[in-house]
Amino acid sequence: MRQVRHFIDAEYVDSASGTTFDKVAPATGAVVAHVHEAGRDEVDRAVRSARRALGGEWGQLSLEQRCECLYRVAHGINARFDEFLAAECEDTGKPYSLARHIDIPRGAANFKIFADTVRTVASKSFEMATPDGAGALNYAVHVPKGVIAVVCPWNLPLLLMTWKVGPALACGNTVVVKPSEETPSTATLLGEVMNEAGVPPGVYNVVHGFGPDSAGAFLTEHPDVDAITFTGETGTGEAIMRAASTGVRDVSFELGGKNPGIVFADCDLDKAIEGTLRSVFANCGQVCLGTERVLVQRALFEEFVERLRAGAVDLKMGRPEDETTNLGPLVSETHRNKVRSYYELAVSEGATVVAGGGVPDMSDELSGGSWIEPTIWTGLPDDARVVTEEIFGPCCHVAPFDEEDEVIARANDTNYGLAAAIWTENVSRAHRVAGKMQAGITWVNSWFLRDLRTPFGGMKQSGIGREGGESSLEFYTETKNICIKL
Ligand code: NAD
Ligand code: 6OD
């Protein structure tokens, strides 16, 4: 059986306790690896190794040398593209056709873009007058924050992990990564790439395990961690924030969402249907930015629902390797149980099931996997639990609206504020409505179109802080002011 080990100080190590847990492939239900579970000892070793590396060769590199290292990492991911692809798709069950275009290329791009960003960013300076007339010059310098804990989810494992590790390293920090227990493989494989790229020992460390009373908690509670960057559920963010309060450590949180898609009658319907299908069902609905609430202007409602239904039932579930597959399974049986409970809840709350609603009959080879049908509901009030709580599955509720002001209020009536999608051909309306969305990102006539230089994050309970471009540099560095009396 394949073993997934920790990566500490540039070496793969077993857990001292010998404790492992099973990694199950969601497409088949088969156990495909044994993952070593870190205790406090391994976490402590990883943090100490990251601390040492700050004061060692890594800390001595010039900015140029550090950036060259990161380019080599990006190149290393591309050189081993197929290995990353196979590992990511086995861990998540997602189709190769998706990961080939999104997850793995972004894994490489996340190193390159932040190497480019640190190279080009300028720091502020201020001249000031002094009573003696000589004056003074203030200037800001940015120094690494130190040892960064990176705690990751399972939905886009390599993409979301490197989205944080890339800028953290570009800024000169060192990291200890805790991948999701569901998706340990690509973070582990990245250790080999780091070694091949000549990244010094201790700069990149990976420890495996669960959250509470396991590696996640041990890492975030560790007193020698300087800052914590986390992507995952809002409730987990609350627990990590409590851990971070000891020692007043800084946090950056990318959390849950219940994102609206607003379809105006003046939209290009083909584009709105195609984009909404993607935003609801891509990655089997397991995208934090995905649309779970669709609001459609009444004149278009019936036609939109029918066309969305036709698109949903056309999605092909199947083996991840099959290039014609466009819908994978959910990540685990546990997650399927959660999503199924929402499918049952929708019915008991009075929804009309327009498509799906159950579990598909898969072939023998896939019958043990955590498959679920793409599902569309109508007919629920805005305060139904299915319409207010994040489900994180391939499903959405579609409701009609009449007026622009009404739909803005309804779209914003949520504790979350991560993303929104607006479909309209009226440019004034697009600006007006986007400006009023309470969301970290609003897409107009598109979805998941990402420019990595832009600030990314969530409002309300969808997050704290922004990452992306210079915003990442703000989080991953301390800014010091130096005041020179002339
Ligand atoms: P999760 O919060 O259950 O787990 C995320 C990570 O946190 C895992 O590595 C887990 O082991 C760890 N963890 C859990 N409890 C912990 C604790 N008490 N202390 C320390 N670590 C702990 O999230 P998930 O189920 O892996 O991912 C799905 C969630 O992530 C959804 O809510 C989704 O919206 C959110 N998400 C948000 C974004 C974003 O950019 N805003 C991106 C992707 C996913
Ligand atoms: O594209 C990104 O940088 C990003 N953080 C995406 C998040 C997706 C959530 O599932």
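Below, the structure is looked at part by part. Just so you know, these numbers come straight off a predicted model, no measurement behind them. Along each chain, residue indices are assigned from 1 in the same order as the chain's sequence is written. The order in which chains are written sets their letters, starting at A; the order in which ligands are written sets their numbers, starting at 1. Two thresholds apply to this predicted model, a pLDDT of at least 70 for residue-level local features and 80 or more for giving and counting side-chain atom pairs, whereas whole-chain, interface and lining totals are computed over all residues. Neither water nor hydrogens contribute to the side-chain values; these are computed over all heavy atoms in the structure.

## Describing the packing of aromatic side chains
Filter applied, for reference: Aromatic rings from Phe, Tyr and Trp, with only the six-membered ring used for Trp, were paired whenever their centres fell within 6.5 Å, and each pair was classed as stacked if the ring planes differed by under 30 degrees, edge-to-face if by over 60, and tilted otherwise. Per the convention used, a helix needs a DSSP run of H or I reaching at least four residues, while a strand needs a run of E reaching at least two, with both numbered from the N terminus. Only protein chains enter the accessibility calculation, which uses a 1.4 Å probe. A residue is then buried if its area is under 20% of the maximum for its type, exposed if over 50%, and partly exposed in between.
Applying the stated criterion across every chain, the model contains 13 aromatic pairs. Between Trp-154 and Phe-392 the ring centres are 5.4 Å apart and the planes differ by 70 degrees, which places this aromatic pair in the edge-to-face class. Within this pair, whereas Trp-154 is found in the loop between β8 (147–151) and α7 (157–170), its partner Phe-392 is found in the loop between α14 (385–388) and β17 (395–401), the two being separated by 238 residues in sequence. Comparing Trp-154 with Phe-392 shows no difference in burial state: the two are buried. Note on Tyr-343 and Trp-377: the rings are 5.6 Å apart at their centroids and 85 degrees apart in plane angle, and the pair reads as edge-to-face.

## Things to note about the layout of surface pockets
Short version of the rule: Each cavity reported here is a set of points on a 1 Å grid over the protein atoms alone in which a 1.4 Å probe fits but cannot get out, each pocket an open set with protein on both sides within 12 Å along at least five of seven lines, and each lining residue one with an atom within 4 Å of a point. Grid points are joined across faces, edges and corners, and a volume is the space filled by probe spheres set on the points. The nonpolar class holds Ala, Val, Leu, Ile, Met, Phe, Trp, Tyr, Cys and Pro. Asp, Glu, Lys and Arg form the charged class, and all remaining residues, Gly among them, are polar. Domain limits in this description derive from either an automatic procedure or a database domain assignment.
In this structure, the largest pocket occupies an estimated 850 Å³ of space. Lining the largest pocket we find 36 residues, and of these Glu-181, Phe-230, Gly-232, Glu-233 and Thr-236 sit closest to its centre. Those elements that provide at least two residues to the lining of the largest pocket are α9 (215–221), β11 (227–231), α10 (234–245) and α13 (333–348). Here the element with the most residues in the lining of the largest pocket is α10; it accounts for five residues. In terms of residue class, the lining of the largest pocket is built from 15 nonpolar, twelve polar and nine charged. In this structure, the lining of the largest pocket is formed jointly by two domains, domain 1 (2–255 + 462–485) and domain 2 (259–451), each of which donates at least three residues.

## Concerning helix α1 (residues 40–55)
We count it as follows: The span one expects for a helix is its residue count, reduced by one, times 1.5 Å. Every residue pair with non-hydrogen atoms within 4.5 Å of one another is taken to be in contact.
Between its first and last C-alpha, α1 extends 23 Å over 16 residues, near the 22 Å set by a 1.5 Å rise per residue. Residues of α1 that are buried in the fold lie against β2 (6–8), α2 (57–60), β8, β9 (174–178), β10 (204–206) and α9.

## Topic: the site of ligand 1
For clarity, the cut-off: Whether a residue is near a molecule or strand depends on its heavy atoms: if one lies within 4 Å, it is near. Two N or O atoms count as a polar contact when they lie within 3.5 Å, although within protein this holds only if one can serve as hydrogen donor and the other as acceptor, and sequence-adjacent residues are included solely when both atoms are side-chain atoms. Computed with the Shrake-Rupley method and a 1.4 Å probe, the accessible areas treat only the protein chains shown as cover for residues. Pocket occupancy is defined atom-wise: a molecule lies in a cavity or pocket when more than half of its atoms are within 2 Å of its grid points.
As a structural note, the neighbourhood of ligand 1 is formed by 31 residues, with Cys-152, Glu-181, Thr-236, Leu-255 and Glu-390 the closest of them. Between an oxygen atom of ligand 1 and a side-chain N or O atom of Glu-390, the distance comes to 2.5 Å. Coverage of ligand 1 by the protein amounts to 92% of the 850 Å² it exposes when considered alone. Of all the cavities here, the one that holds ligand 1 is the largest pocket.

## Let's talk about empty space enclosed by the protein
Applying the stated rule across the entire model yields five cavities of 30 Å³ or more. If you add up the space inside the largest cavity, you get close to 90 Å³. A per-element tally of the lining of the largest cavity places α7 first, with three residues. Of the residues belonging to the lining of the largest cavity, the class tally is eight nonpolar, no polar and three charged.

## A few points about helix α8 (residues 185–196)
For α8, built from twelve residues, the straight-helix expectation of 16 Å at 1.5 Å per residue is met to within 8% by its first-to-last C-alpha distance of 17 Å. In terms of burial, α8 is a largely internal element, nine of the twelve residues being buried. Where α8 ends, the next residue or the one after it, Gly-198, has phi of about 80 degrees, a positive value.

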